[in-house]
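Residue strings, one per chain:
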Amino acid sequence: MFSSVTVEDLGSDAPPVTLSVDSGLHVGGVILKLVEKTQIKRDWSDHALWWEQKQRWLLRTAWTLDKYGIHADARLVFMPQHKPLRLGLPNGITLRLRACFSSSVFQTVMGICRMLNIRHPEELSLLQPVEEKKKKKDKNSAEEIYDLTEVPLSSASRPCLYNGMPAHFADSPQMEAIYKMLSVTQPPPAPEVIAKQYRAASVVDKAHIHGRWLDSSRCLLQQGIQENSRLWLRFKYFAFYDMEPKYDVVRLTQLYEQARWAILLEDIDCTEEEMMLFGALQYHISKVSQSEPQMLSSSAAMDDLESALQSLEVKMEGESNDMSNVIVCFRPKRMTLKGYKQYWFKFQDTSISYFKSKEESIGEPIQQINLKGCEVAPDVNVTAQKFLIRLLIPAPEGMNEVYLRCENEQQYAQWMAGCRLASKGKSLADSSFQSEIQSIRSFLAMQKTSSGTHGNAPANDESINTHSLVSPRYHKKYKAKQLTPRILDAYQNVAQLSLTDAVMRFLQIWQALPDFGLSYVVVRFKGSRKDEVLGIGPNRLIRIDLAVGDVVKTWRYNNMKQWNVNWDIRQVAIEFEGNINIAFACVTADCKIVHEFIGGYIFMSTRSRAKSDTLNEELFHKLTGGHEAL
Amino acid sequence: MDDIDAMFTDLLGEMDLLTQSLGQETVPPAPLPSTDKEVNYSIGYADLNESLNELEDCDLDALMADLVADLNATEEKFAAQKEVLKVPSLPPPDLPPPPKGLSTHPASSLASPASPASSTSSNVSTPASSTASPLPPPPPQVPKPTKEEMEANIKADKIKLALEKLKEAKVKKLVVKVLMNDGSSKTLMVDERQTVREVLDNLFEKTHCDCNVDWSLVETNPDLQLERTFEDHENLVEPLSAWTRDSENKVLFQERGEKYEVFKNPQNFYLWKKDKNALKDMKDKDKELLIQENFCGTSIIVPDLEGVMHLKEDGKKSWKPRLFQLRASGIYYVPKGKTKSSRDLICFVQFDNVNVYYGKDFKGKYKAPTDFCFFLKHPQIQKESQYIKYLCCDDAWSMNLWVTGIRIAKYGASLYENYKTAEKAAVSSVWTNRSSSTPSSSNPSTPSPTIKAKSPSQANGHAPKPQQGPVSVDFGNVPPPPPPPPLSVFPHPTPPLAAKSSSKPAAPQRHLPTNFPPPPPAMDLLPPPPPPPNEDDALEAPPDFLPPPPPAIGFGSLPPPPTFNSPPLPPPPVSFRGVDQSLPPPPPDPGFLPPPPPQPMFTGAGAPPPPPPPPPPAAVPRAAIRPSGSVKKMPPAPPKRTTPSLQGGDGGDFMSELMLAMNKKRVH
């Protein structure tokens, strides 16, 4: 018989190559003949035959054409298994790399993660991006694309590390720059960028996005993904296993980025207080990551000693330089209008004392106030030159309210820093005093610039527009300068964190949100006439009534006895302990996606330390594959 | 060596400075009430004399021995120090402390009274160990220390030693009267560094109770009609220092089932919405799973609580119903006419600066709708105030849900650590009780060593001192005639050690010169006995699970959530301590200035010395006290309002009072 094979490398216009073959010939033989005929000398090892009509790869070279059931009318394409893909990372940056188009998406993701040095690839998957038609035109040209297509496929086997990064990133400065992009958090985005992004307005919108996950058991080509297509690499299963900042630099960074965008785009709901804390953490992280080049620290123990010695030095000199002799004004509680009086203030350890005048400051103070455990709040308006520090000082009878009015920014920053430290029981001698002053000043600066330019100048690193740190809802609700004190307020609790700790804290707070880790599908429960939403979490399924928007039912996986998918009528049936049975059809997603989510989470929970590095792919496939796995 | 000496001279001068500032701290802040004008050494007593007289003989001995040992210790510390430094011997870096439950063992009881030598050496080791391992340079990290490194290390050693001493000098001690269930009371000396857990262990030894996890220290305040169970990781002295001078507050030693109920029956808190009958007979395995899920993951999960409670608004008399929600970040309420969506929630309170208290008989006192009330306030508030937030629940069950939920949000992982430690204490107590029935362990000697034996160990977190090494290492084997049962229980003494030291990173951390990064304690302390905990975990882990092939998959034996055995176990406790602003109440690291309490009514034995005389003896604050006060004067009432210069004298008064009390006892 004759078989015509299109050889992709000859160009799309080239006519198919026709071969005369025997149906008993094995696929390897076909390829051999084909290569001979093209008379092109090159490395064909990555190439394989793709059967277009059946949408399948002929990867078993020992199988005969007969066995595959291939006849003369079969349209075969000879092409490389690895093709370039435009991969959108959680941090919003697009990477061009060669991904495997012939193996299951699960394995493709494993390959990608190996190349990017992300451990636990089972937690990630590929998502088809939301339409970007409009943006494509104006943005595509400007967008910087990081190119990794030159990375030899072989090097992706077991990454050995040089300077803490995989060998292939150590090749050239360009590659190192890419690794830096992967492993260092991005600066806060301009508020307009946040505002422009697509935001899911409702659970149903989210359900539509969650319906775009690729099928892990089939390959990219089978799912209509073409060369140079755009896909998103995202964390899909929110069960993060064995987080180890030492080895997970890229993983942590990308997870942080995904979490940050989830917050900024209100993909997950949080309260205003939480938003301010997230904002403060973002500010802190972006600040620290600029000054701290590498997350990896040399040796914890040596660092300890170092910091101990360092702070000792600071203390020694700090001790002698108690902040005093600054004049501030003061108003004790109760509204005695215009109640500000001028006193001579002295700051010592964690207390402030005040005197009638400087001359009397040698004697007994009028009053001494210990600030430990007190609440410190700013009341500042830079344009009006108002620099108030509001202190709520605990006492047996309740809290005493005291205001300190500073004359200028400089004085305010110092005293504010002192009060904040003292409230946490630290004296001015503490090593963080200077950095506290610095951060207060930079927040003041933010207030100045943001009121002036209305946030058009994107971050000249000293002053970040606070609108870059919160979701658009708060852009409307607050002016940037109104946000500043609120974020600063939250900031005082995190200002001391190291970069890694701050990132971890961000992730923890994110994970503690009530809706964390939920993926949604619109479903129709058996016997019900209305659409409802099924939320799939790391440890449970929830049923959400769309009308009320409330969780009406929760089922936990560990009460689950079995689940089935009837692929013919595309219905998922689940049985829980206590004879609870539910069944539903999926509206916004294929039921394979739901099946994969449930099986995937079960799989995630089977990972244990004993099995350490080896990923039980077979088990994953069994749990998520559906009928393909049979 | 010259520069080191110079440095010491500096340090001494430094210490002088510090002590002077200590004096200033004791000036009570004026806005505070007049109740705190006097210096107080005791809790629960009208005056010091009474408290001293109430001390049991053995306690008194212990107290005395403690103080005397301190004096000697500090003196000898300096003497010993040179040798120590010359021989930078590497003690096994991570030797665990002797197990708590075992301290009745003779080996550890030798610790104190008449052996200043032993306490000396343990004191010497204090600085090194308290800085969590880096100090005696652990071999792996410094394979071949260069000469400079060696010198640097020695220098650092010295500095830390000196820092430690500075701290020692300011350690506050309180005599605390603890009321027992039967109306009797015990009197304890509590050091400001001691955690509630340590005090409880101490009480276990004194009372011979069954040591179960429910035993708690409870604070009551009749003015506010409040009750609060101290958390085991808290330092006891701090909250007690907030009491007013004239307060009728009490410390009770009681079994409180609700303290750790969440770990015994997590389903009642995490699945409270479910059918209560179904929850009753939940399998242990599922309970375990719930705990793992919520306490052992990368983030602590707070129970999902929502419900109507009555709120007594700032200073108002009426109680108004409101729909409240608990989140990790605080309590929120749903404003009228708004949805329950997160962004509409109004923050009612965050937990950084408040503790949660049970209110007693609020129906009578505040006309609350029910008696199931709790409230949140700053720990310093001792009287009625508009800053106290009162809430009233429909029933006891939901009140417990809320209070426990708030504690989880506030304390996070420490709560679970506390529970595990308490459990181990309970288990090892079984063991100790058994062995104490054998003739060899002498009870009379028990109480006295406790203070001594404990304070070093709690200051250190672990005892790296070589001499002690063998003792604690051999511990499991040495015990006189180990009866058969212990063998089976034997594994326990070891894990507790590891867990003990790693479970309270807060304690060692407090003694670090500054804000050390938190991770080291947990990670560094873990190595020595690594297998036991893991094995435990592994045993309970579900190796039996092999997911059968789909489509029908049986989940009778579902595996635990991924986090179960997860290696990040060490990191979480550390990082969680800070999560969601739910920092543990004591400020994480007071730096090397243990910050003065807002109302410094109590000053401990470590009153500062007069000016800085020549190095060795003068650097020893306690040594300075002895000459000044030991035998001379009759004790005047605790002096009012101190000034720096008076400070030394105070210490002396305290000492002489103590001596007097002792003599009295002896005469009788």
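The structure under discussion appears in the preceding block.
Just so it is clear, the model here is predicted, and its values are computed rather than measured.

(A) Highlighting the pairing of strand β7 (residues 306-312) of chain B. Residues and elements named next belong to chain B. Relative to strand β8 (residues 319-327), β7 runs antiparallel, the two sharing seven bridges. Each residue of the ladder has a partner; that of valine 308, found in β8, is leucine 323. A loop of six residues connects β7 with β8, the two strands running antiparallel in sequence, and glycine 315 in this loop sits at a positive phi of about 70 degrees. Alignment of β7 against strand β13 (residues 389-392), held across three bridges, turns out to be antiparallel. Across the sheet, histidine 310 pairs through a bridge with cysteine 392, a residue of β13.

(B) View of the sheet that holds strand β8 (residues 124-127) of chain A. Residue and element names in this part refer to chain A. One open sheet accounts for five strands, arranged β8-β12-β6-β7-β9; its pairing is mixed. Looking along the sheet, the strands with just one partner apiece sit at the ends: β8 and β9 (145-147). In this sheet, neighbouring strand axes are inclined to one another by 40 degrees on average, regardless of whether the strands run parallel or antiparallel. Both β8 and strand β12 (residues 230-235) contribute to a ladder of four bridges, which runs antiparallel.

(C) Just the packing of helix α8 (residues 249-264) of chain A against helix α9 (residues 272-291) of chain A, in detail. Residues and elements named next belong to chain A. Where α8 meets α9, the axes come as close as 11 Å, and the angle between the chain directions of the two elements is 140 degrees. What the angle tells us is that α8 and α9 run oblique. Helix-helix and strand crossings are classified by hand; for α8 and α9 the assignment is left-handed. From α8, Tyr256, Arg260, Ile263 and Leu264 reach across to α9, where they touch Met275, Phe278, Gln282 and Ile285.

(D) Region of the structure containing the nonpolar core. Judged by nonpolar contacts, the single largest core of 126 residues is most densely connected at Leu95 and Trp510 of chain A. If near-sequence neighbours (up to four positions away) are discounted, tryptophan 510 of chain A is found in contact with Phe238, Phe240, Leu255, Ala259, Ala262, Ile263, Ile268, Phe278 and Phe516 of chain A. By size, the runner-up hydrophobic cluster in this structure holds 48 residues, among which are Val349, Leu391, Tyr411 and Ala422 of chain B.

(E) Just the sheet that holds strand β5 (residues 76-80) of chain A, in detail. All names here are of chain A. The five strands are arranged β2-β1-β5-β3-β4 in an open sheet whose pairing can be described as mixed. Of all the strands in the sheet, just β2 (17-20) and β4 (56-58) have a single pairing partner and so form its edges. The mean inter-strand angle of the sheet, taken between neighbouring strand axes irrespective of direction, is 35 degrees. Here strand β1 (residues 2-7) pairs with β5 via three bridges, running parallel. Among the inter-strand pairings, valine 7 is bridged to a residue of β5, identified as phenylalanine 78. Strand contacts of helix α1 (residues 27-38): β1, β2, β3 (47-51), β4 and β5, with the helix running at about 125 degrees to β2, the strand carrying the most contacts.

(F) Seen up close, a negative patch on the surface. Judged by side-chain charge, Asp223, Asp246, Glu248 and Glu384 of chain B come together as a negatively charged surface patch. Inspection of the secondary structure puts aspartate 246 of chain B in the loop between α8 (237-241) and β6 (250-255).

(G) How the structure looks around the pattern of salt bridges. Residue and element names in this part refer to chain A. Under the counting rule described, the total for this entry stands at 48 salt bridges over all chains. Residue aspartate 545 is joined to lysine 530 by a salt bridge in which the shortest nitrogen-to-oxygen separation is 3.6 Å. Of this pair, aspartate 545 sits in strand β22 (residues 540-545) while lysine 530 sits in the loop between β20 (519-525) and β21 (532-536), and the two are 15 residues apart along the sequence. Assessed through its relative accessible area of 12%, aspartate 545 is described here as buried. Residues joined by salt bridges that share partners form a network here, namely Arg119, Glu122, Glu123, Asp242, Asp248, Arg251 and Arg607.

(H) Quick look at unusual backbone geometry. Its identity as a non-glycine residue notwithstanding, glutamine 385 of chain A has a phi of 55 degrees, on the positive side. By the secondary structure assignment, glutamine 385 of chain A is in the loop between β17 (375-381) and β18 (386-395). On the accessibility criterion, glutamine 385 of chain A (48% relative accessible area) is partly exposed. Positive phi values are uncommon outside glycine, yet glutamine 225 of chain B reaches one of about 50 degrees. Positionally, glutamine 225 of chain B belongs in the loop between β4 (215-221) and β5 (226-229).

(I) Quick look at the pairing of β3 of chain A. All names here are of chain A. In terms of residue burial, β3 counts as a mostly covered element, since five of its five residues are buried. Residues His47, Leu49 and Trp51 of β3 are buried on one face, and the alternating residues Ala48 and Trp50, pointing to the opposite face, are buried as well. Sheet topology note: the β3/β5 ladder contains five bridges and is antiparallel. From the neighbouring strand, leucine 49 faces β5, where its bridge partner is phenylalanine 78.

(J) Representation of a positive patch on the surface. Residues Lys54, Arg56, Arg60 and Lys67 of chain A make up a contiguous surface patch of positive charge. If you trace the backbone, arginine 60 of chain A turns up in the loop between β4 and α2 (65-68).

(K) Structural detail: α9 of chain A. Here α9 of chain A contains 20 residues, and its C-alpha end-to-end distance of 29 Å stays within 8% of the 28 Å for a straight helix at 1.5 Å per residue. The buried fraction of α9 of chain A is high, at 17 of 20 residues.

The rules behind each value
- Residues numbered from 1 in each chain as written.
- Chains lettered and ligands numbered in written order.
- Predicted model: local features only at pLDDT ≥ 70, side-chain atom pairs only at ≥ 80, totals over all residues.
- Heavy atoms only, no water.
- Pairing = 2+ DSSP bridges.
- Helix = DSSP H or I, 4+ residues; strand = E, 2+ residues; numbered from the N terminus.
- Axes fitted to C-alpha atoms, helices over the stretch in contact; angles between N-to-C directions.
- Parallel < 35°, antiparallel > 145°, perpendicular 65-115°, else oblique.
- Left-handed = near helix turned anticlockwise from the far one by under 90°.
- Contact = heavy atoms within 4.5 Å.
- Core = buried A, V, L, I, M, F, W, Y, C linked by side-chain atoms within 4.5 Å.
- Buried < 20%, exposed > 50% of the residue type's maximum accessible area, 1.4 Å probe, protein only.
- Patch = residues over 30% accessible without salt bridge, like charges linked within 9 Å, V, L, I, M, F, W, Y side chains within 5 Å.
- Areas by Shrake-Rupley, 256 points an atom, 1.4 Å probe, with all protein chains shown as cover.
- Salt bridge = Lys/Arg side-chain N within 4 Å of Asp/Glu carboxyl O.
- Lys, Arg positive; Asp, Glu negative; His and termini not counted.
- Charge placed at Lys NZ, Arg CZ, Asp CG, Glu CD.
- Expected span 1.5 Å × (residues − 1).

Remember, this is a structural readout, not a statement about activity or role.
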